[in-house]
Amino acid sequence: MLTLLGVATVVVGFAVRLNPLLVVTIAAFVTGLAAGLTPVEVLEAFGKAFNENRFVTAAYLVLPVIGVVERAGLQERARSLIGRFKGVSVGPFLIGYLAFRQLTSALGLTSIAGHAQSVRPMVAPMAEGAVEARTGELSDQTRQDTRAMASATDNIGLFFGEDIFIAIGSILLMVGFLATSGIAIEPLHLSMWAIPTALAAFVLHAGRLLLFDRKLRRSAGA
Amino acid sequence: MIKLSAVYALSGLVFAAFAVLSAMDANNRKRFGNAAFWGLVAVSYLAGDRLGDLGNGVLVLGLAAVAGFGLLGRGQPATTSPEERKALAERFGEKLFIPALTLPVVVAFGVLVLKPLEFGGAHLLDPKQATPLSLALAAVIAVGVALILLRQPLISPLQEGRRLMDTVGWAALLPQMLAALGAIFALAGVGQVIGDLVTTWIPMDARLTAVAVYCLGMAGFTIIMGNAFAAFPVMTAGIGLPILIHKFGGDPAVVASIGMLSGFCGTLMTPLAANFNLVPAALLELPDRYAVIKKQIPTALPLLIVNVVLMYVLAFR
């Protein structure tokens, strides 16, 4: 039971908005010590796992090129480009991105888009531009809401598309786990049963995007 | 065969450049904090395998200390003004999209074409690491395309990359730190304790209750651990297998698949899934760290209920 103190440390630390790197480090020590490890053993285990997970941070290699195109005006271009298509409103635009993200993830192409490489330089400015074209200059709150919605749409498209692909990590994990429990299962069966939830996610989030769109237009009209 | 170590070497050099440029940035009051932080990341990439476990542990403490004591500032590399950007956007037009779209094209090429490629039985790319390798390759090619097409200064990829890196700041390292914390949790058996708690205290005699406990448990456990992969073995060993599959005869493929997706609903709602939820808020310069999560909850909660219904209907046909 004492080992749960580490979980409590994380919850409290995040809730009071301490620096998360510090919170995570403290939680590692609390958990490890509660489990009977010495401080040096905790530090070794923590360092080893950190080193083994370096691939997570390597994704920032895309930042240099994104920075260069931003320096040359990509965000501004993305914003004005969408304004020229007067018919495109923010709701349908983000629904289109949601569908693109779900479909490409279902084909295993999870890394062709993302927050650093597509949402910040293109999708968010285009979403802002689509709102701007209809309602004029955005308030800070509307701008932040639109950006956050663009990021949320990327995540939802990714999560509820990738499991339809048979060679993605989560499918392999399930196949492996069930195999050790004596249940042989084809990856294809697992990915097939991800489709109903994927459709539900699309319908739910698309509906929310339309409501979001309508709310922005109402508040601009008022 | 090209392996992940190539990506690490490249990452190490890029972070080392960020560190050096940070140290020379007189406009940043905390420039040495930034230099130390990105410098430690560079050391991790270039020498992590030679530092030993304790050395890596000390390195992580260093990162946490720099971030935790507020020593990290935001670099101010010379860049174009908003007015200049508007003018450049007019001049370059749709050409500006080409470098950014080079990324997905090269990644897709790497995953679909280069990954299966073999020469005399040896793979060109390590098949297990094809995605990160393709992404790194795409990043390098796209920089080249951008420099040639847009005629930007040669130093600009590093300076502009540093500007964005400082925008993300400490949040950039949080996903990796959380992955390491996950390893400590596993070592201490945290998952087992929580799984036992759930299965001991909640009666699951009715099929619907058991389905609901499994799905909500996957989501709740993912919120606590930040990762559906950590929740899946615990909840499935505790509830999915013994109760849903063995006792009630549920279809294992449906139970596992929709169970995992219930966990993904939890991922949308937790700050511990930092790379999806907190890093974007930093990248988009949102003042509220939790702004993205708040936009996801109204989709995630109803979807979780849909999952319970879907599993109840589909697993026991």
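Quick note: structure is the one above.
Residues numbered from 1 in each chain as written. Chains lettered and ligands numbered in written order. Predicted model: local features only at pLDDT ≥ 70, side-chain atom pairs only at ≥ 80, totals over all residues. Heavy atoms only, no water.

Novice: Which residues make up helix α7 (residues 115-135) of chain A, and what values do they have?
Specialist: Residues and elements named next belong to chain A. Here α7 contains 21 residues, and its C-alpha end-to-end distance of 26 Å is more than 12% below the 30 Å for a straight helix at 1.5 Å per residue. Along its length, α7 reaches its greatest deviation from straightness, about 35°, at V123, and the proline P125 lies no more than four positions downstream. With 17 of its 21 residues buried, α7 lies for the most part within the structure. Directly beyond the C-terminal end of α7, a positive phi value near 80° is found at G136. (Helix = DSSP H or I, 4+ residues; strand = E, 2+ residues; numbered from the N terminus. Expected span 1.5 Å × (residues − 1). Bend = angle between axes of the 7 residues up to and from the residue. Buried < 20%, exposed > 50% of the residue type's maximum accessible area, 1.4 Å probe, protein only.)

Novice: Describe the pattern of salt bridges, with residues and values.
Specialist: With the rule as written, the count across this model stands at 23 salt bridges over all chains. A salt bridge links R163 of chain B to E70 of chain A, with the nearest nitrogen and oxygen atoms 3.9 Å apart. Of this pair, R163 of chain B sits in helix α6 (residues 156-168) while E70 of chain A is found in helix α4 (residues 63-71), placing the two residues in two different chains. For R163 of chain B, a relative accessible area of 14% gives the class buried. Judged by relative accessible area, which is 1%, E70 of chain A ranks as buried. Two residues, R143 of chain A and E137 of chain A, come together in a salt bridge whose shortest N-O distance is 3.8 Å. Here the salt bridges do not stand alone but share partners, grouping E70, R71 and R120 of chain A together with R74, E160, R163 and E285 of chain B into one network. (Salt bridge = Lys/Arg side-chain N within 4 Å of Asp/Glu carboxyl O.)

Novice: Requested: an account of the side chain of T142 of chain A, with residues and values cited.
Specialist: With respect to the element layout, T142 of chain A can be found in helix α8 (residues 140-162). In contact with T142 of chain A, not counting residues within four places along its chain, are V131 and L216 of chain A. (Contact = heavy atoms within 4.5 Å.)

Novice: Explain the packing of aromatic side chains to me, using residue names and the numbers behind them.
Specialist: Here the structure, examined in full by the defined rule, presents 9 aromatic pairs over all chains. Centroid distance F177 of chain A to F232 of chain B: 5.6 Å. Interplanar angle 75°. Geometry classified as edge-to-face. Linking F177 of chain A in helix α9 (residues 169-180) with F232 of chain B in helix α10 (residues 228-247), this pair reaches from one chain into another. In this structure F232 of chain B comes out as buried when scored by relative accessible area, which is 0%. Between F37 of chain B and W38 of chain B the ring centres are 5.0 Å apart and the planes differ by 80°, which places this aromatic pair in the edge-to-face class. No difference in accessibility class separates F37 of chain B from W38 of chain B, as the two residues are buried. Across the ring face of F92 of chain B, the terminal group of R91 of chain B is positioned such that the distance to the ring centre comes to 4.8 Å. The residue whose ring lies beneath R207 of chain B is F316 of chain B, and the NZ or CZ to ring-centre distance is 4.5 Å. (Phe/Tyr/Trp six-rings, centres within 6.5 Å; stacked < 30°, edge-to-face > 60°. Lys NZ or Arg CZ within 6 Å of the ring centre and 35° of its normal.)

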